[in-house]
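Examination of the molecular architecture
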2 protein chains.
Amino acid sequence: MPYELHYWPTIQGRGEFVRLALEAAGAPYVDVAREEGGMPAMTHYLASPEVARPPFAPPFLVEGKLVLAQTAAILMYLGPRLGLVGRSEADAFWTHQVQLTIADFVAEVHDTHHPIAVSRYYEDQQAEAQARAADFRRNRLTKFMAWFEAVLERNPRNAGASLPHLVGGRLSYVDLSLFQVVDGLQYAFPKATRRVLKKAPLVAALHAGVGSHRRLRGYLGSERRIAFNQQGLFRRYPELDG
Amino acid sequence: MPYELHYWPTIQGRGEFVRLALEAAGAPYVDVAREEGGMPAMTHYLASPEVARPPFAPPFLVEGKLVLAQTAAILMYLGPRLGLVGRSEADAFWTHQVQLTIADFVAEVHDTHHPIAVSRYYEDQQAEAQARAADFRRNRLTKFMAWFEAVLERNPRNAGASLPHLVGGRLSYVDLSLFQVVDGLQYAFPKATRRVLKKAPLVAALHAGVGSHRRLRGYLGSERRIAFNQQGLFRRYPELDG
């Protein structure tokens, strides 16, 4: 039985973090809402009173009776099943902690273009977005990237390694997620990201290395990879970069 | 060995979700930064390059060699150890999923008073805060509370129960966290919360029931419970309520 991933069909968004894990592991899955008749299936889980444990929002994973939402929880669940996390409890929780920090960062990225209300257009909150994005570039982007860099520096298994990893000596789902974050930042904030990556060489090396992972390269070049666009988490508004 | 909780000593903030779990279970713990000499201990974990797996931010839990940050991850770790979560994997992940949704909600509560920059004073972003808070009250508060109410309605173990629970038939850490959220909302948005709770009677019943839990009542009446104030997540600015 393939995993069912339910997510908005036209954006990478938070669903992409799950897609990357499934793709890197070569796991069988159906991207439900992108299939014929898939949107009603997704809506059922979100809106039907018959669903005992309803997701608050996509993405969510369905496997048999399990319906599991929240990106970081899905990855924690999939990690051991896909061979994308260390086996000890300490590694599992540390990896999850890094993922949750990525989730916090991604929420801040989102709010650079929607600081006032997700229910309103960007154009209606553009001035506020410019103020928030300026603070994001100056304070938050630098702080988060410095933390990712420190995590990579302090991982003893990265000494002498050509491809650094966030946890232990091999690929885990947080490496995929940090790859995605850097990819998105390069799309949304090309100038600020170029600047910040100069001070985070291990993050840059991780991004390059993960992007050349055999299965992932196949995925990134396929039509399954939705292009970045102006509806997703990462959006390119030149006035928010600098 | 008592658990070590590291968190800012003068606010409830995110640390309070962990405190409530430790207190409700009667677990031995030290609230490190509130002890003599505790702030340098907390700072060590955040700032010293010797810490291999550094927290991005408080709260974090220290137990022997384990240093674990991210409120929801801490609660997932403590849940089985404190008897505050069901034993099956499905229950553990569902409970965690609810907690992560609470975390998302709490981040939105925070941003009502800091929509532009955490690094700047409320007074410097008050107009934007009023716009964000208006959207929060109208759209986000109602949406999240309707979801919590639906989760309580659909839990079959709540049929005929005087005290409803979010998961299964007994107290789990998410009940404590939802209690804290309602308590904070009543402080920060008394008018809007009164209105929304009328449509969420099970959430209101959970709040009342958890607040009368024997150990918790003792805690809430003690000096260990920091009062709500204008530095925490939940702040009372009358112009943001309505």
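Here is what the cut-offs are and how they apply
Residues numbered from 1 in each chain as written. Chains lettered and ligands numbered in written order. Predicted model: local features only at pLDDT ≥ 70, side-chain atom pairs only at ≥ 80, totals over all residues. Helix = DSSP H or I, 4+ residues; strand = E, 2+ residues; numbered from the N terminus. Rg over C-alpha atoms; globule rule 2.2 N^0.38 Å. Buried ≥ 20, exposed ≤ 12 C-beta atoms within 10 Å, placed from the backbone. Contact = placed C-beta atoms within 7 Å. Domains from an automatic or database assignment. Nonpolar A, V, L, I, M, F, W, Y, C, P; charged D, E, K, R; others polar. Pairing = 2+ DSSP bridges. Axes fitted to C-alpha atoms, helices over the stretch in contact; angles between N-to-C directions. Least-squares fit on C-alpha atoms with pLDDT ≥ 70 in both. pLDDT = per-residue confidence, 0-100.

For chain A, the count of helices and strands is 9 helices and 4 strands. Secondary structure elements of chain A, listed N to C terminal, follow the sequence β-α-β-α-β-β-α-α-α-α-α-α-α. On C-alpha atoms alone, chain A measures out to a radius of gyration of 18 Å, which is about the 18 Å that the 2.2 N^0.38 rule sets for 242 residues. Principal-axis analysis of the C-alpha atoms places the extent of chain A at approximately 50 × 45 × 30 Å. Considering chain A as a whole, with its 242 residues, one finds that 48% of them fall into the buried category. Restricting the contact set of chain A to residue pairs at least 6 apart, pairs at least 24 apart contribute 66%.

A few words now on the domain arrangement of chain A. All names here are of chain A. Domain annotation of chain A identifies domain 1 (3-82) and domain 2 (89-214). The gap between the C-alpha centroids of domain 1 and domain 2 is 22 Å. At the interface, 10 residues of domain 1 touch 12 residues of domain 2. Those elements that place two or more of their residues in the side of domain 1 that touches domain 2 are helix 1 (15-25) and helix 3 (71-82). In terms of residue class, the side of domain 1 that touches domain 2 is built from 7 nonpolar, 2 polar and 1 charged.

All names here are of chain A. Strands sit in the order 2-1-3-4 across an open sheet of 4 strands; the sheet is mixed. Of all strands in the sheet, those bounded by a partner on one side alone are strand 2 (29-31) and strand 4 (66-69). Recorded for the sheet is a direction-independent mean angle of 20° between the axes of neighbouring strands. Note that strand 3 (residues 60-63) and strand 4 share 4 bridges and pair antiparallel. Bridge assignment links Leu61 to a residue of strand 4, and that residue is Leu68.

Once that is clear, we can look at the interface of chain A and chain B. Between chain A and chain B, the residue contacts involve 32 residues of the former and 32 residues of the latter. Counting only elements with at least two residues in the side of chain A that touches chain B, the list comes to strand 4, helix 3, helix 4 (89-113) and helix 5 (126-154) of chain A. The element that contributes the greatest number of residues to the side of chain A that touches chain B is helix 4 of chain A, accounting for 9 residues. Taken together, the residues of the side of chain A that touches chain B sort by class into 20 nonpolar, 6 polar and 6 charged.

When chain A is fitted to chain B, the residual RMSD is 0.0 Å, and the transformation amounts to a turn of 180° plus an axial shift of 0.0 Å. The two molecules are tied by a two-fold rotation axis, judged by turn and shift. Taking the C-alpha atom as reference, chain A places A:Pro115 closest to the rotation axis, 2.9 Å from it. Most of the interface of chain A is mirrored in chain B, where 100% of its interface residues are also at the interface.

Predicted confidence across chain A gives a mean pLDDT of 97, with 100% of residues reaching 70 or more. Prediction confidence for the complex, expressed as pTM and ipTM, is 0.98 and 0.98 respectively.

The next thing to look at is the sheet that holds strand 2 (residues 29-31) of chain B. All names here are of chain B. Judged by pairing direction, the sheet is mixed, and its 4 strands sit side by side in the order 2-1-3-4 without closing on themselves. The open sheet has two edge strands, strand 2 and strand 4 (66-69), and neither has a second partner. Each adjacent strand pair in this sheet contributes to an overall mean axis angle of 20°, direction not counted. The sheet contact formed by strand 1 (residues 3-6) and strand 2 spans 3 bridges and is parallel. Bridging across to strand 2, Tyr3 finds its partner in Tyr29.

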